[in-house]
Amino acid sequence: MAKNSNQKKKKKNYHEGSYTPRKVEAARDCTYTEGITVKELGEKINRTPAEIIKFLFMMDKMVTINTSLDDDTIDLIAMQYNITITKEETVDESSLEDETPDEPADLVLRAPVVTIMGHVDHGKTTLLDNIRKTNVTQSEFGGITQHIGAYQVDVKGQKVTFLDTPGHEAFTAMRARGAKMTDIVVIVVAADDGVMPQTKEAIDHARVANVPIIVAINKIDKHNANVDKVYSELADYGLMPEEWGGSTMFAKIVAKTGQGVPELLEMILLLSEVLELKANPNKIASGTVVESKLDKGRGPVATLLVQNGTLHTGDYLVAGNSYCRIRKMTDDKGREIKSALPSTPVEIIGLSDVPEAGDKFKVYSDEKSARRVADKRTQAKIESERNITSAMSLDDLAAQIKEGNVQDINIIIKADVAGSAEAVRSSMEKLSNDEVKVKVIRASAGAISESDIMLASASNALIYGFNVRPDATIKKMAAESKVEIRLHNIIYKALEELEGIMKGMLAPVYEEVVIGQATVRQTFKVSKIGTIAGCMVDDGVIRRNCGVRLIRNGVVVYTGNLGSLQRFKDQAKEVAAGYECGLTIERYNDIKEGDIIEAYESQEVKED
């Protein structure tokens, strides 16, 4: 009973007016940062998310509580509530560039980073093998380097870091990235082959990056070696040998035996002394991802080149869109190390995802900061991909109308390592021409995933796998979604196949081919039909529906189409040489005895 009386009392008090509803405060001025959500803005201006959503709905803007608001929408809200909302200009913490200037006193000498470049099969990897006293070449497909590697060696007590970049033109993008990380470029030229296309590209990359060049002339022991020819060809490209009064160092070597390699290493040390390469080891580490891959046993693995600061095991690091606390760090020989100074290549495990080769990395003070930056970068990438895949159809439609029905091939590339994915992407996009555009909408390292199948299905894309194989689930999903997966382990083969697909899509090229000739022997005028020409086929064949030229006294009088073709009273598909026929020409009746009728067809030209 007591309980009931209390309930009555409460009810009575409520009716007597002791209950007062919450007073809604007026909207207040505030500041905001990029990406603020409806919920966050509502809290700042004392308005419920529902109220803001309702107002924006009335303004034909559909949003949810978690929608990020752009500047124009926030201006609308400010006008509605008659308040001032000011945007805060924040420092972009998601930038992984090392922007803090170093004091000259903090800088110390560091190891030079040397990139080996040159034409395919000129001996770059063999040279590096000799320097490292190991053999990498046998593990590569076809003896051609397909991944970037970073290695550190001791030369007369001094450390030198080498980047080995592939030489085939398919890897132009990888070589360009290597040149930007490097202090010295060694361009290997075979003495029996001379300057080749990729040699020229290597020179261009080094010059764009403003990096000094040392030339290593390899295979000087070959019977057809011509060093003077190589000197002359390189001089034409502005690399004048010191022997000829120029400033470029030239070393004559035999990479297989090691002849001349010590002299080349001395040149590298000498040039690095002149360059006075320095870095600050007493700061947070930053640098570049040299290579990355998804290892079955260890998860995402990345090779990093520390360019400034010192990297430690246990550091919180962001590389591209992924982050980690470094669980384990090994050097190029597989030995576990605790710290890495500038110019040191290291392999780390523990990343949340596979970064892309060429991505910058930076160390942060704690896991929360690293995670926040990585999430922000990931979100930016997702938004970017979403815009590409959703807005692409409209943009492409406009472009097709403008350019005259341009065809597109959408490609998703998955490779065992990010460097290969990037190289395939660059090469495939170069295959684009005026009629067929190759669009790589995703290129990444790792196995083909459900996400790739969904994206391919939505964007009508082909999936190219390089050194990866889909499992049974992915194969089934691809079959159900009618997504085609093409698998390769040699990049050139994939490019050849795509080129073949493109040629199938190209608007066919036609040329006129003369198939026969007939002489008009007699003409008949028939009402409702016109002039019928009685002819003798002198050469080739006259076919129904072919094109014809009426030639009189060696001059083409009329060009048009054959109207009808008959043998006696029957319609004929074709009449061969030596036989008589009757024919008419569409919309033309001025046919005379003695005229020559030349028959031709448009035949598709098969491209090589």
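The structure reproduced in this document is the subject of the present report. (Residues numbered from 1 in each chain as written. Predicted model: local features only at pLDDT ≥ 70, side-chain atom pairs only at ≥ 80, totals over all residues. Heavy atoms only, no water.)

Focus: the overall build of the protein
Put simply, the rule is: Secondary structure counts use DSSP, requiring at least four H or I residues in a row for a helix and at least two E residues in a row for a strand, with both numbered from the N terminus. Exposed residues in this analysis have more than 50% of their type's maximum accessible area, buried residues have under 20%, and partly exposed residues fall in between, with area computed by a 1.4 Å probe over protein chains only. By definition in these notes, contact holds between two residues if any of their heavy atoms fall within 4.5 Å. All accessibility values rest on the Shrake-Rupley procedure with a 1.4 Å probe; residue burial counts only the protein chains present in the view.
Within the protein one finds 14 helices and 31 strands. For the protein, with 608 residues in total, the buried portion stands at 47%. Taking contacts inside the protein between residues at least 6 apart in sequence as the whole, the part at least 24 apart equals 70%. If you sum the accessible surface of the protein, you get close to 32600 Å²; carbon and sulfur atoms cover 49% of it.

Describing the environment of Glu233
Residue placement: Glu233 occurs in helix H8 (residues 227-236). The class for Glu233 is partly exposed, based on a relative accessible area of 21%. What Glu233 contacts, discounting residues up to four positions off in sequence, is Gly194 and Val195.

Description of the sheet that holds strand E16 (residues 328-330)
Let me state the cut-off plainly: Should DSSP find at least two bridges between two strands, the strands are regarded as paired. For helices, the axis comes from a line fit to the C-alpha atoms of the stretch in contact; other axes are also lines fit to C-alpha atoms, and the angle between any two N-to-C directions lies between 0 and 180 degrees.
Reading across the sheet, the seven strands line up as E15-E14-E19-E11-E12-E18-E16 and stay open at both edges, with antiparallel pairing between neighbours. Looking at the sheet topology across the chains shown, the edges are occupied by strand E15 (322-325) and E16. The mean inter-strand angle of the sheet, taken between neighbouring strand axes irrespective of direction, is 35°. Taken together, the five bridges between strand E12 (residues 299-308) and strand E18 (residues 345-349) define a ladder with antiparallel strand orientation. Within E18, the position partnered with Ala302 by the bridge is Ile348.

Points about helix H12 (residues 450-459)
Convention followed: The arc in question is traced by the directions running from the helix axis to the C-beta atoms.
Within the span of H12, buried status applies to Asp452, Ile453, Leu455, Ala456 and Ser459. Summarising the axial view, the buried residues of H12 lie within an arc of 165°, below the 170-degree limit, and thus occupy one face. Relative to its buried face, H12 has exposed residues pointing more than 90 degrees away, namely Met454 and Ala458. Where H12 terminates, the next one or two residues include Asn460, which has phi positive at roughly 55°.

Examining the pairing of strand E25 (residues 530-543)
With 10 of 14 residues buried, E25 is to be regarded as a mostly interior element. Sheet topology places E25 next to strand E30 (residues 580-585); four bridges connect them, and they run antiparallel. Across the sheet, Ala533 pairs through a bridge with Leu583, a residue of E30. Pairing of E25 with strand E29 (residues 574-576) involves three bridges; the strand directions are antiparallel.

So, helix H2 (residues 38-45)
When we look at burial in H2, the residues that qualify are Val38, Leu41, Gly42 and Ile45. The buried residues of H2 all sit within an arc of 105° when viewed along its axis, so they share a single face. Of the surrounding elements, those touching the buried residues of H2 are strand E1 (30-32), helix H3 (49-58), helix H4 (71-81) and strand E2 (85-87). Of the residues flanking the end of H2, it is Asn46, one or two places downstream, whose phi is positive at about 60°.

Concerning the packing of H2 against H3
Applicable threshold: For classification, angles of less than 35 degrees are called roughly parallel, those exceeding 145 degrees roughly antiparallel, those between 65 and 115 degrees roughly perpendicular, and all remaining angles oblique. By convention, the crossing between two helices is left-handed when the near helix turns anticlockwise from the far helix through less than a right angle, and right-handed when the turn is clockwise. Residue type decides the class: Asp, Glu, Lys and Arg count as charged, Ala, Val, Leu, Ile, Met, Phe, Trp, Tyr, Cys and Pro as nonpolar, and the leftover types, Gly among them, as polar.
Two numbers describe how H2 lies on H3: the axes approach to 8 Å, and their chain directions differ by 110°. By the angle between their axes, H2 is roughly perpendicular relative to H3. In the crossing of H2 with H3, the sense of the turn from one axis to the other is right-handed. For the pair formed by H2 and H3, the contact residues are Val38, Lys39, Leu41, Gly42 and Ile45 on the first element and Pro49, Ile52 and Ile53 on the second. Considered class by class, the residues forming the contact of H2 with H3 number six nonpolar, one polar and one charged.

Focus on the packing of aromatic side chains
This is how it is decided: Aromatic pairing here means that ring centres of Phe, Tyr or Trp (its six-membered ring) are within 6.5 Å. Orientation follows from the plane angle: under 30 degrees is stacked, over 60 is edge-to-face, and everything else is tilted. Remark: a charge is flagged as sitting over a ring if the NZ atom of Lys or the CZ atom of Arg is within 6 Å of the ring centre and within 35 degrees of the ring normal.
Counting across every chain of the model gives four aromatic pairs. Considering the side-chain rings of Tyr558 and Tyr588, the 4.4 Å spacing of their centres and the 15° angle between planes classify their relative orientation as stacked. With Tyr558 in strand E27 (residues 555-567) and Tyr588 in the loop between E30 and strand E31 (596-605), the pair connects residues that are 30 residues apart, well separated along the chain. By relative accessible area, Tyr558 is classed as partly exposed at 22%. Owing to a relative accessible area of 12%, Tyr588 belongs among the buried residues under this scheme. We note Arg549 situated over the ring of Tyr600; from NZ or CZ to the ring centre the distance is 4.2 Å.

So, unusual backbone geometry
Peptide bonds are trans in most cases, and residues, glycine excluded, mostly fall at negative phi. Positioned with a positive phi, Asn82 is a non-glycine residue whose angle comes to about 55°. In this structure, Lys219 takes a positive phi of about 65° despite not being glycine. Assignment of secondary structure puts Lys219 in the loop between strand E8 (213-218) and H8.

As for the side chain of Thr248
Within the secondary structure, Thr248 is located in the loop between H8 and strand E9 (249-252). Contacts of Thr248, omitting those with residues within four sequence positions, involve Ile213, Val215, Leu239, Met240, Pro241 and Glu242.

Structural notes on the side chain of Asn280
Summarising the element assignment, Asn280 is placed in the loop between strand E10 (278-279) and strand E11 (286-295). Apart from residues lying up to four places away in sequence, Asn280 is in contact with Asp102, Asp106, Leu107, Asn308 and Gly309.

A few points about the pattern of salt bridges
Note the cut-off: The working definition used for a salt bridge is a side-chain nitrogen of Lys or Arg within 4 Å of a carboxyl oxygen of Asp or Glu.
If you walk through the whole model with that rule in mind, you get 24 salt bridges. The closest approach of N and O atoms between Arg486 and Glu497, which form a salt bridge, is 2.7 Å. Taken together, the residues Arg486 in strand E23 (residues 485-488) and Glu497 in helix H14 (residues 491-505) connect sequence positions 11 residues apart. By relative accessible area, which is 28% here, Arg486 ends up partly exposed.

Looking at the environment of Asp366
Counted only if it meets this: In the analysis that follows, any N or O atom pair within 3.5 Å is treated as a polar contact, provided that within protein one partner can donate a hydrogen and the other can accept it, and provided that, for residues neighboring in sequence, both atoms belong to side chains.
Following the sequence through the fold, Asp366 ends up in the loop between strand E19 (360-364) and helix H10 (367-403). Separated by 51 residues in the primary sequence, Asp366 and Asp315 have C-alpha atoms spaced 8.1 Å apart. Engagement of the side chain of Asp366 in a polar contact is seen with the backbone nitrogen of Ser369, the distance being 2.7 Å.

Brief notes about the nonpolar core
Where we set the bar: Here, nonpolar core means buried Ala, Val, Leu, Ile, Met, Phe, Trp, Tyr and Cys residues that are tied together by side-chain atoms lying within 4.5 Å of each other.
Counting residues in each nonpolar core, the largest one holds 26 residues, and the members touching the most others are Leu127, Val160, Phe162, Val186, Ile214, Leu264 and Ile268. Counting residues per element, this core draws most heavily on helix H9 (residues 261-275), at seven residues. Counting residues in hydrophobic clusters, the runner-up holds 22 residues, among them Val520, Cys535, Val537 and Val541.

So, a nonpolar patch on the surface
What counts, and what does not: What makes a patch is a set of residues exposed beyond 30% relative accessible area and free of salt bridges, joined within 9 Å when like-charged and within 5 Å when nonpolar (Val, Leu, Ile, Met, Phe, Trp, Tyr).
A surface patch of nonpolar side chains, amounting to about 490 Å² of accessible area, comprises Phe57, Met58, Met59 and Met62. Here Met58 shows up in helix H3.

Looking at the environment of Tyr323
As for its position among the elements, Tyr323 is in strand E15. If we skip the residues at most four places from it in the chain, Tyr323 touches Leu317, Val318, Gly350, Leu351, Ser352, Glu367, Ala370, Arg371 and Ala374. Polar contacts involving the side chain of Tyr323 include one to the side chain of Arg371, which spans 2.9 Å.

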